[in-house]
Amino acid sequence: MGKDVTLVDFMFAPFLERIAASMLNFKGYQIRVASGEPTEFPAVNKWFDAMETLESYQLTKSDYYTHCWDLPPQLGGCSYEKDGEPYERAINGDRSLDGTRGSWELPLKAHNDGIEPDWDWCGDESAALREATERLSFNHTNIVKFAARGAGKKGMPPYGAPLADPNAISNDAVSVSVDTILRVISSAMLEGTDNFDDTMAEVARAIVKEGGKSFAQDVINSLAYLRDRIGVPRDMRLPAARQLRAHLNWAIGKLLVVADL
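Treat the numbers as computed from the prediction; the structure is a model and nothing was measured.

What counts and how
- Residues numbered from 1 in each chain as written.
- Predicted model: local features only at pLDDT ≥ 70, side-chain atom pairs only at ≥ 80, totals over all residues.
- Heavy atoms only, no water.
- Salt bridge = Lys/Arg side-chain N within 4 Å of Asp/Glu carboxyl O.
- Helix = DSSP H or I, 4+ residues; strand = E, 2+ residues; numbered from the N terminus.
- Buried < 20%, exposed > 50% of the residue type's maximum accessible area, 1.4 Å probe, protein only.
- Phe/Tyr/Trp six-rings, centres within 6.5 Å; stacked < 30°, edge-to-face > 60°.
- Lys NZ or Arg CZ within 6 Å of the ring centre and 35° of its normal.
- Core = buried A, V, L, I, M, F, W, Y, C linked by side-chain atoms within 4.5 Å.
- Contact = heavy atoms within 4.5 Å.
- Axes fitted to C-alpha atoms, helices over the stretch in contact; angles between N-to-C directions.
- Parallel < 35°, antiparallel > 145°, perpendicular 65-115°, else oblique.
- Left-handed = near helix turned anticlockwise from the far one by under 90°.
- Nonpolar A, V, L, I, M, F, W, Y, C, P; charged D, E, K, R; others polar.
- Patch = residues over 30% accessible without salt bridge, like charges linked within 9 Å, V, L, I, M, F, W, Y side chains within 5 Å.
- Areas by Shrake-Rupley, 256 points an atom, 1.4 Å probe, with all protein chains shown as cover.

Enquirer: Describe in detail the pattern of salt bridges, supporting the description with residues and values.
Expert: A complete count under the given rule lists 16 salt bridges for this structure. Residue Glu131 is joined to Arg237 by a salt bridge in which the shortest nitrogen-to-oxygen separation is 3.0 Å. Taken together, the positions of Glu131 in helix 7 (residues 125–138) and Arg237 in the loop between helix 10 (197–228) and helix 11 (238–259) put the pair 106 residues apart, joining distant regions of the chain. Note on Arg237: relative accessible area 29%, which makes it partly exposed.

Enquirer: Describe the packing of aromatic side chains, with residues and values.
Expert: Taken as a whole, this structure holds seven aromatic pairs when the rule is applied. Note on Trp119 and Trp121: the rings are 5.1 Å apart at their centroids and 20° apart in plane angle, and the pair reads as stacked. Every member of this aromatic cluster is reached through a ring pair, and the members are Tyr65, Trp69 and Trp104. Arg135 extends its terminal NZ or CZ atom over the ring of Phe138, reaching a point 4.1 Å from the ring centre.

Enquirer: Requested: an account of the nonpolar core, with residues and values cited.
Expert: Considering soluble globular proteins, one finds that nonpolar side chains tend to be buried as a cluster. Counting 44 residues, the largest nonpolar core has Ile181, Leu182, Ile185, Val219, Leu223 and Leu244 as its most contacted members. Those elements giving two or more residues to this core turn out to be helix 7, helix 8 (140–147), helix 9 (175–191), helix 10 and helix 11. When residues of this core are assigned to their parent elements, the largest contribution, twelve residues, is made by helix 10. Excluding residues that lie within four positions of it along the chain, Leu244 makes contacts with Ala132, Leu136, Ile185, Met189, Ile230 and Met236. Grouped together as the second largest cluster of nonpolar side chains are 16 residues, Ala13, Tyr64, Cys68 and Ile91 included.

Enquirer: Pulling in residues and values, what's your account of unusual backbone geometry?
Expert: Between Met156 and Pro157 the backbone carries a cis peptide bond, its omega angle lying at 0°. Structurally, Pro157 is set in the loop between helix 8 and helix 9. Along the chain, Val232 connects to Pro233 via a cis peptide bond; the corresponding omega equals 5°. In this structure, Pro233 sits in the loop between helix 10 and helix 11.

Enquirer: Hey, could you go over the side chain of Ser96 for me, with residue numbers and the actual values?
Expert: Note on placement: Ser96 falls in the loop between helix 5 (85–91) and helix 6 (111–114). By relative accessible area, Ser96 is classed as buried at 4%. Residues in contact with Ser96, not counting those within four places in the same chain, are Arg101, Gly102, Ser103 and Asp113.

Enquirer: Break down the packing of helix 8 against helix 9 for me, citing the residues and quoting the values.
Expert: Axes are the key here: two packed helices are described by the angle between their axes and the distance separating the axes. Where helix 8 contacts helix 9, the axes come no closer than 9 Å and their chain directions differ by 120°. Viewed along their axes, helix 8 and helix 9 adopt a mutual orientation that is oblique. When the axes of helix 8 and helix 9 are compared, the crossing they make is right-handed. Residues His140, Ile143, Val144 and Ala147 of helix 8 form the contact with helix 9, whose own contacting residues are Ser175, Val178, Asp179, Leu182 and Arg183. In terms of residue class, the contact of helix 8 with helix 9 is made up of five nonpolar, two polar and two charged.

Enquirer: Explain the environment of Glu37 to me, and be specific about the residues and the numbers.
Expert: The residue Glu37 is located in the loop between helix 1 (7–27) and helix 2 (42–51) in this model. Assessed through its relative accessible area of 48%, Glu37 is described here as partly exposed. The sequence separation of Glu37 and Pro86 amounts to 49 residues, and the corresponding C-alpha distance is 19 Å.

Enquirer: An account of the packing of helix 7 against helix 11 is requested, with residue identities and associated values reported.
Expert: Running from N to C, helix 7 and helix 11 point in directions that differ by 70°, and their axes come no closer than 8 Å. By the angle between their axes, helix 7 is roughly perpendicular relative to helix 11. Contacts between helix 7 and helix 11 pair Glu125, Ala128, Leu129, Glu131, Ala132 and Leu136 from the former with Pro239, Ala240, Gln243, Leu244 and His247 from the latter. Grouping the amino acids of the contact of helix 7 with helix 11 by side-chain chemistry returns seven nonpolar, two polar and two charged.

Enquirer: So what's going on with a nonpolar patch on the surface? Which residues, and what values?
Expert: A cluster of nonpolar side chains, Met1, Val5, Leu7, Val8, Phe10, Met11 and Phe12, forms an exposed patch at the surface whose accessible area comes to about 760 Å². By relative accessible area, Met1 is classed as exposed at 77%.

Any functional reading would require information beyond the geometric quantities listed.
Right under this line is the structure:
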């Protein structure tokens, strides 16, 4: 309705945002593209670009991963088509579109490996790393306990949302190990993983030596549990979330190598 934002824009925003994510994930149908990329929907992309200049919209905007996991329980399920499979795997961090690497692996590629435009208003990579570190550290005690659910027991009754389990019981036995790893991750995000490769490997060796392979697997499960439940914008913005997800995978990779799992 012209150059000024109106109530109509705010009413359409959540629906178009979810459509852009879910159509790609479930159908392989790409609506939103990175700036300058060819598209059949130039007006829709221009509208998204304009909306993303509004601080009010920036504060509520979610990412494709969060949308594609929270939509099926709300809708009673979503129908998958084969064309969406490579996009789904990239959105979930499993594989980049070219299949050569995990899309949540360091170093991260721009635009979520070609899936989702970067959020340029959040600042540069350093800003994302600082945000992820701040979000991880400000409530670290509860975050460690939350992550330890990955090695604990599922709650009852079960919930329809696959990643939601508010009644889960944490496994306190892994808490010290998880806490130590998250501290190393925080330092690595601020100073670079190259400076903490040896430290992370040393922590991994200590975990395997003291607890054995089964215990190491519990720690890995806890880190993966946290990684898969980083929600945008609830926990942090997308650039920060991508960094934390990738750094958790960095730590998991060290444990897998040392434990030979």
